[in-house]
Each structure stands twice: as structure tokens, then as C-alpha cells.
Amino acid sequence: MGNKQTIFTDEQLDAYQVRRRLHSRYHELAPHLVPMDYTNEPDCKLPLALIVDMPELKENPFRNRIVESFSEDGMGNLSFNEFVDMFSVLSEMAPRELKAIYAFKIYDFNVDNYLCKEDLEKTLNRLTKEELTPEEVELVCEKTIEEADLDGDNKLSYADFENMISRAPDFLSTFHIRI
Amino acid sequence: MAHGGSFTVNVCEKDSDDERTGESGPSQKSSLLFKEPAFNVQEYPEAIQMGTFIEHLDSSDSESTSSSERSKESLNSKPRCSLQRNNWSAATKRVLSSMPSRTTGLHSSAGIAMKARRTPAELPPRTPSHDSLHTPRVTQEGTIRPDLEEVDGTKYLVGSRCAESSKEQLVSDLRDLSVSEGMRKLRAMPLSLVDKREIRKCSFSPAARNSLNRNLFCNNLLSTYISRMWRHCTFTGHPIVSFLKLWNSSLKKLSGRYGTGVLSYFLFLRTILFINLLLFTITCLFLVIPQAIHPPPTDSRLNSFTGIELLTGTGYLSQSLMFYGYYSNVTIEMNQLAAHSAVTHMVPYCIPTAYFFTITISFFIICIVLVYSMSKSFGKSFQVFKSTGDLSEKVFCSWDFKVIKRPSIRLQSEKISTQLKEQLSELTSGEEESSPMQRCCNLVIHAVAWLICLASIFLSAGGVYFLSNSRSLVVAIEAYTKQHFGPHHKNLHLLFTSAVVSGFNLLLPGIFNLCAWMEKHKSPSTRVYVSIFRNLLLKISIIGVLCYHWLGKIAEIQDHQASECWENFVGQELYRLLLMDFIFTVLYTFLGEFIWRLFSQIILKKNRKPVFDIARNVLELIYGQTLTWLGVLLAPLLPAVQIAKLFVLFYMKKSSLMLNCQASKKPWRATQMTTLFITLLCFPSFLGAAVAVVYTVWMIKPSSGCGPFRNVASMFESGKLWAERMKDSQQILSWLIRAYYTFIDNPLFLFLPTGIFLLVIYFHTQVVDGQRKIIRRLEKQIENEGKDKKFLITQLQYLYEENNPDSSH
């Protein structure tokens, strides 16, 4: 390859190594479905059930939401490009704004672009594996909305969420999956 | 911040615009009410006016549940009912849809935040063309609530025609920016990689794209070439690059089980390994290899090699490349083969000059590397404000996505729920006013703990000093070792001091842990900081005492005109300290962790494994690195020893962790701790070592019996002599040297850059202060506008319902 081309375009070099590795991971999820050759850009999507079976996602309580947020149809069927999208956003190199955007989508269970109380309750239940009593859950949700809601509409819009995230430096290190 | 400023300006304008359009809807009577100046809530007597509306509002809504203590909540509980209605009037819907929260900057980087997320029911039928499926993704449509979509044709954000135009808008926006700025913005946008590639193709010219590199700061030819070479390396899987990703799979396994905190220790270890590798490469290339090719004459008496020399550094090793004394002070002639002929051309290579410049330049390079990594890490963890939202932060930022093993995930859930419960109890019960008696008690306990710690530090430092200085003790130990280990192992007594130092380093943190357990700190982070501080104090005092002792010993040797090589002596001491530290760490890992686990499982019958103490282990790493930096001047191969030690340490700690330890239940703020550790590595550790080395080079007279500087008054002088020699022969160098004498050697000129730096720092702190004030004001503004919005919408809705009573509910 190095003999034929002297200039490497960005498209080719864009994390070439990582892309190759991701492709092999994608392929091993469903070897009979995923072609090895991607030059023709085949339209192949893997269902949610296969993707959340990956060891990196298997035990994560938010695995369904993560995969759904990156799928185009909202049902969790990922094409290879969306698969790469997912792991690139969850990697170390992704900028904070991008991570905040997708974190917001992941926690937005009813997909209405607001983190309302129900979303927060679901988030909490998954975080704590239902160890908190319903009263405690209620209290935490209220306090969270109170702390983070800036414009007083009792839900967290993206701006509220981003503002809160910007004050938490740990977000970058915790919202990260190694692959 | 400017971005935020323009945001709020738009809000005001939009609000006022839509409010006026809304006026035309309701009847004339209502316009009287609208004339009230409602834009600035602070002036508006909410309480009075709200009262007149509350009686009209539908009180059947039972959704007001707020139990918060803020008065605003009680005021808004009734209007909130109207905000939650489902059949808004057309005017209200228009107002709502044009709210900034729904139309936030179509093309600002935060704006495209709301990518299309439609439920399957709302998806348009799949068209055959690929394009029309792609383009909706670039739109802003997700901000429209489902109920709004059905109302009127104001789906101005939904639909492929508008999506196309928004995409073109984005491309033209990106073209306006500089290439690197535009790339950075594009990276932060939530579009798929395919879309980003298309947009990048359209926005940036091919030449700019080809030369662009994420790491490119300037566009000159050299950096383009370097970036291209780097790309070539990564493309072909060059071994160096794969080495930089050393231990990646192990790190992944560790983070999967123990989380980000423990991972940060191992990443820190890897960073230190790379720094040592850099140091070793430089000294090896320029110092060790030339000297190895031309070995100087050695004393044949010391040629016997028994294993003990590896530990003590004396005997055979003292006449090896390891220590300063081996290096000659001559100019060796190196053979340089000319390209075309067989005649070898002799190149003079002056060892003393090489020695001096290698050490100084490598220190300089490491200084730059450390400061750069510190600033990068600081940038990640810097917050303009301390976070006040502890609970919200815990809910959203505490889940560590790296953890993948089921028991660790269970542990993590337990950890989070415990923390949440603790915080809730703190909130509900409030700050308990401890009685003066309790406070006094707490103070006494703190004082006692600090007294114990400081006393133990003082005693250990004193013990080390006494041990090194007391002649009778040394003689007694020497006699003891000679008696028990035989005459061949006569140098074993030298190990005694190092062993004692390492012993203190191991025992005293245990005492500190006990004291910390006794005290009750308000927050776990305070506890961690206090423990780090105590450990740091211990290590600084021990190293300080040792340095002082060495200085005294050096002065003594020089006074007595002994031809003994003090440099070798100090180098050997440092070597022994490093080795003993390693041996004791190995022993502690086996005894401390492994046997403790067996003990607690078999005898205490508890299934609780010990927890990996991150702070203590990191400080051990920093201590070892300080010793290396102190010793590299006098023992150039010491970085190699440190590299070997770090390698073994990694695998040992990893296996010990997997076998013996469990994940911690206490929260660990990884980003801030990493910043702290890099700062500690830079400031007390590197700075102290650099100061010591500079002092040695500048002030202390090298011994006349050994080493490359045996015939000069100070090591620094050899550099000066070289400069004198070069001044006449080379033009460029003479300029450099002249510049050096004018600028760096001249104290007046040093004040100027220092003054400028201080000014720049002051300027930046003022800017940050100003930004803080602006943020506060903007937050207040957002709050006020939220209140405005609520009020106006309830007004609108109320008036609409008043006029059309049949359409309400």
C-alpha cells in the first residue's frame, strides 16, 4: 500500500487500525451475516440482541439504551458505521460535547428530548439495581431536578444537562468504554 | 461564554416577538393584562398578580407534588397544572415551538445536539433512495414534541427540504471557520461518521484536508512531514506504536473489574515507564555506548563478581558503566566510516562535555514533558465552579462504563446506592449541630492524630540520620555482618541504611492509616488528601535527611583530601535505596496482601478481601522516580534499573490485585486524583531532584580521583570550557554562546521574562474571574426567563380558555 500512494488521505487514515479491529469484532458477532469485504458498503444491520451480547456491554444496565441511541431506526439495529460511531463516541478521544450529547440521549428513556422525572426514576433504578425505596427514589429525582434545572420547567433539557456535566470532571473518565 | 451570551439575547428577542403575535389572538380585554411589564420578573410583583389567576385556574389537576422548600415552587405549583395540559391553543403552540430550547442554534455545536429521534411510528415510509434517509439525520427535528407536529404546518424543522438547506448551511458555516477550528467543531457534532465525511469533503479543500491532522498545531512543512511519517507508522502497524499501546489488554481487564480508580494507578505507572525509557534512551545513546566502545583502564582487584555486588553496587559494579567513576575525562576518537572510501575518519568525542550536556538536556526535555502532561491533565479537571449539584452529579456521572464484570457491577451499584442514601440522609436530617463538647472532642482527636504522625515522621528521619552518621553503630553492624555472613560479604552492612529507610516507608503509612481510622473526616476526599499529605511529608523528610547527610559526607571526604570517589558513594547509595525499595515492595505484596487474605479467610472467616490503596501505591511510584532522577547524574544507568523494576512491578501488582483484592467501596475521583499525582510528580519530586542536581553540578567540586570531571573545579565549568573552545571554531555556536551569556547568565534579563510570565498569569486569573461572574449572571438570567416563560404561557393559555370555554378539557 505504501508503494502505490504517497499521500494518505484522511478518510483512509481515520483510525484505520481501530476500524480494522472494530470490524473484526463486528464480524465475530454474526460471522454468517457480516461480510468480510466492506468495499461495496453492504446494507447489513445487526439486531440489538446480538450487540448487547458483547462482553463490554453485557452487564451494563444501560446497554439497550446505548445501542438504541446510536441506531438510526431507534430500535437498536446497528449497521457497521453506526457500530463504529458508538465506540468512537464512547472512546477516550471523543470530545466532551459529543459525549454529553449521547449521554443525554441514553438517559432519555422516553425519547422526548427532556429528562423528565420518569426518565430519572428509570435511570436511578438501573443504577442502584432497585436498592433504594420508592420514597428515596422520588426524593433523589426531585433533588436532582432542583439542582440541575435552570429554567424552572421541572425537566432537564439538554442545556441543563450539559451545564451540569461541565461541572463534573469525572464524566469524561467514567463515560468511556475500552475496546 | 460569548456563545452563551448570544443565546440569551435571542431568547429575549424571541420572547418579545412571539408575545406580540400572541396578542392578536385573544380579545382586546386581555391586551390590558399584557401591557403589564412582565419581562423583568424581579420588578414584577408576582405574588399579587398570581393570586388573581390562581382562582381561575383549573384546580382539578392533582399533579402538583412539589415538596421542595423553595417558595418559587409553591407559587408555580398551580400554574404548572396549566403548563402540563395537552390541548394548547395555537398561539401557545407557536410560542412554545419558537422557544430557544426547541430551536437552539440550528448549526451551533450544541444545537445539532438534538438529532432526529423519532419513534418507529413516526418514521416516513422507506424510500428507495439512500439520500433522503440520510438527510433527515442532519436536522433539528427532534426538538419538536409529538403533539406539536400534528397541529399546524409549522413543521419547519421536519422534512427533507429543510434538512438539505440546514446541511448546506452547516457546510457554509464550517467554511467560514479556519480548518482546524472547523474540524474541531465537526468532531463535536453528533452526526454519524458517514455524514461527517460528506460534510468534510464539501467544506474543506482537499489540500487542507490532506495536511490536516488532529495533532497539527501549525501548518508548516516540517510538521506536515512529521505527521505524515507518524501516519505512515500507524498505518503499517509499526512496532514502536504498538509498544506505546503497551499492556492495553491487561489494562482493559483491570478496569473491567476494578474501575477507573485502580486503572489510573496503572496508567500512571505506564507514564512513568515511558519517561524513564526516554531518559534511558538519551543517556544510552550519547553516554553509555560511546564509553562502552572505549573502556578505560580498570583496577583489576575489583574484577571478582559475586551476586552480592548486584545488591550493594560495590566491587565489580563500581567499575562498570553503572556509576560515575567509570567514565573517563578524555576525548575519545570515534571511528566514523566515510561513505565512499575505506578510510576511517576520526571524530573526536569529548566524554565530559557529552556527560554534562546529556544530563542537562535530558532533564530539560523531561521538564517540558511533565509540564505539558500536567497542563493537559489540569485542563481536563479544571472547573470554573465547584460543583454544587452533588446529587445530580452522582446520578449521571458516577456510573463507570468501563466496569464489565458482573460482581464488580454489583459492587458498583451497591456503592452508588450507599452514597445516595448517605447524601439523602444528610439532606433530610440537615447539618447536625454538634455540641461544643463533641466539637472539642473531635478537635482533640485530630490534634492527637496529627501529633502521632508528625512525631513518627520526626523520629524516623532522626533515626535515619543517626544511623548514617553514627560511626560506632556502623562499625558494630559491620562487625556483626562479618561475623554472621563471612568475610566475603563484607559490604552487606551498607545495605542496612537502605533497609531501614524502606522499612520506615513501609511501616509508617500503616500508622497513618490507623490514625485516619481514628479520626472522623467530613468527606472521603478530605481523608485521601490528608493521607497523601502525611505520606508525602514522610518521604520528603527522609530524602531531605539523606541529602543532608550526603552533603556532609562529601564535605568530609573533600576535607580529608581522600582520593575516594564521593560520586560513586552517593550513586551507590541511591542504587541501594532503589533496590531495597523494590525488594520491600515485593515482600509487602506477598506478605501484606496474600497472607492477609489467607489469614482473614481462614482464621477470621470473613470473605472481605483487602482493598487496593491507590494513594499509597502512587506515592511509592513517585518516591522511586525521585530517587532515579536524583541518581541519574551519578549513576547514568539507574533509569534502566528503574525500568526493569517498573516492569516487574506492573505484573506483580496486577496478579496480586486479581488474586487478593477487591474493588473499593469508596468513591474515587479519577480525573482530579490523576491531576494531583502528575502535579506531585512534577513539583516536589522532579523540581526537588532538579534543584539537587543543579546544585551538585554548579557548586560541588568533583573528586579528583575519578570520573569525567576530575580536573575541573565544577561540572558546570566543563560546559563553559567547551563553550570557550567552540566559540572560535563554529560561527552559529558562537552566536548561541554569546546569546547565552547575554540573556541567561545575566540576572537582569531573567527578571524580564519572569515579570512577563507573572503578568500573563495574573491576566488569565482575572479573565477566569470575570468569566465566573458572567456565568453567574447568565444563570440568574436563565432562571428569570424561565419564570417569565411560565408566567406568559399560563397567561396565554388562561386567556385562550377564557375566550373559548368550550375547547378547554
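Residues numbered from 1 in each chain as written. Chains lettered and ligands numbered in written order. Predicted model: local features only at pLDDT ≥ 70, side-chain atom pairs only at ≥ 80, totals over all residues. Heavy atoms only, no water.

For chain B, the name recorded in an unreviewed UniProt entry is Transmembrane channel-like protein, with Fundulus heteroclitus as its organism. UniProt's Sequence similarities (unreviewed entry) comment on chain B is quoted here verbatim: "Belongs to the TMC family." Per its UniProt entry, chain B bears the Subcellular location (unreviewed entry) comment "Membrane". (UniProt positions renumbered as here; feature names shortened; annotations may be inferred.)

Chain A appears in an unreviewed UniProt entry as Calcium and integrin-binding family member 2 from Fundulus heteroclitus.

*Asks:* It is not clear to me how the confidence of the model for chain B should be interpreted in this structure. Could you clarify?
*Replies:* Note: predicted coordinates in regions of low pLDDT should not be interpreted at a detailed level. Residues and elements named next belong to chain B. On average, chain B scores 73 in pLDDT, and the residues at 70 or more come to 70%. Across chain B, element-level confidence peaks in helix α26 (residues 614-631) with a mean pLDDT of 92 and bottoms out in helix α7 (residues 131-134) with 35. Considering only residues more than four positions removed or in separate chains, one finds that residues 1-80, a stretch of pLDDT under 50, has 90 contacts. Low pLDDT, under 50, characterises residues 104-162; the predicted model gives this stretch 113 contacts beyond four residues in sequence or across chains. (pLDDT = per-residue confidence, 0-100. Helix = DSSP H or I, 4+ residues; strand = E, 2+ residues; numbered from the N terminus. Contact = heavy atoms within 4.5 Å.)

*Asks:* Teacher, can you tell me more about the environment of Phe683 of chain B here?
*Replies:* In this structure, Phe683 of chain B sits in helix α28 (residues 670-699). Sequence spacing of Phe683 of chain B and Leu370 of chain B is 313 residues, and the spatial spacing of their C-alpha atoms is 9.7 Å.

*Asks:* What exactly am I supposed to notice about the nonpolar core here?
*Replies:* Soluble globular proteins tend to bury their nonpolar side chains together. Of all hydrophobic cores here, the largest spans 103 residues; its most connected members are Tyr265, Phe268 and Trp629 of chain B. Counting residues per element, this core draws most heavily on helix α16 (residues 260-293) of chain B, at 12 residues. Sequence-distant contacts of Tyr265 of chain B, that is, excluding residues within four places in its chain, are made with Phe612, Ile614, Asn617, Val618, Leu621, Leu649 and Lys653 of chain B. Core analysis: the next-biggest nonpolar cluster, separate from the first, contains 63 residues, Ile66, Ile165 and Ile177 of chain A together with Leu420 of chain B among them. (Core = buried A, V, L, I, M, F, W, Y, C linked by side-chain atoms within 4.5 Å. Buried < 20%, exposed > 50% of the residue type's maximum accessible area, 1.4 Å probe, protein only.)

*Asks:* Is there a simple way to think about the packing of aromatic side chains in this case?
*Replies:* The description of two aromatic rings rests on the distance between their centres and on the angle between their planes. Under the definition given, this model contains 36 aromatic pairs over all chains. Pairing Tyr26 of chain A with Phe80 of chain A gives two aromatic rings, centres 5.3 Å apart and planes at 50°, and the pair type is tilted. A residue pair is termed long-range when its members are at least 10 positions apart, and Tyr26 of chain A in helix α2 (residues 16-29) and Phe80 of chain A in helix α5 (residues 80-89) qualify at 54 residues. A relative accessible area of 4% places Phe80 of chain A in the buried class. Relative to Phe612 of chain B, the ring of Tyr265 of chain B lies with its centre 5.2 Å away and its plane at 65°, an arrangement referred to as edge-to-face. Here Tyr265 of chain B, found in helix α16, pairs with Phe612 of chain B, found in the loop between α25 (566-603) and α26; they are 347 residues apart in sequence, far enough to count as distant. Like Phe612 of chain B, Tyr265 of chain B is buried. Taken together, Phe62, Phe104, Tyr107, Tyr158, Phe161, Phe171 and Phe175 of chain A together with Phe396, Trp399 and Phe401 of chain B form an aromatic cluster joined through their ring pairs. Across the ring face of Tyr623 of chain B, the terminal group of Lys539 of chain B is positioned such that the distance to the ring centre comes to 5.8 Å. (Phe/Tyr/Trp six-rings, centres within 6.5 Å; stacked < 30°, edge-to-face > 60°. Lys NZ or Arg CZ within 6 Å of the ring centre and 35° of its normal.)

*Asks:* How should the UniProt feature "domain: EF-hand" (unreviewed entry) in chain A be read in this particular structure?
*Replies:* The UniProt entry lists residues 95-130 and 136-171 of chain A under the feature "domain: EF-hand" (unreviewed entry), expressed in the numbering used here. As annotated, residues 95-130 of chain A comprises 67% helix and 0% strand, and the C-alpha atoms at either end are separated by 32 Å.

*Asks:* Is there a simple way to explain the side chain of Thr675 of chain B in this structure?
*Replies:* Summarising the element assignment, Thr675 of chain B is placed in helix α28. Sequence-distant contacts of Thr675 of chain B, defined by excluding residues within four places in its chain, comprise Ser377, Phe378 and Ser381 of chain B.

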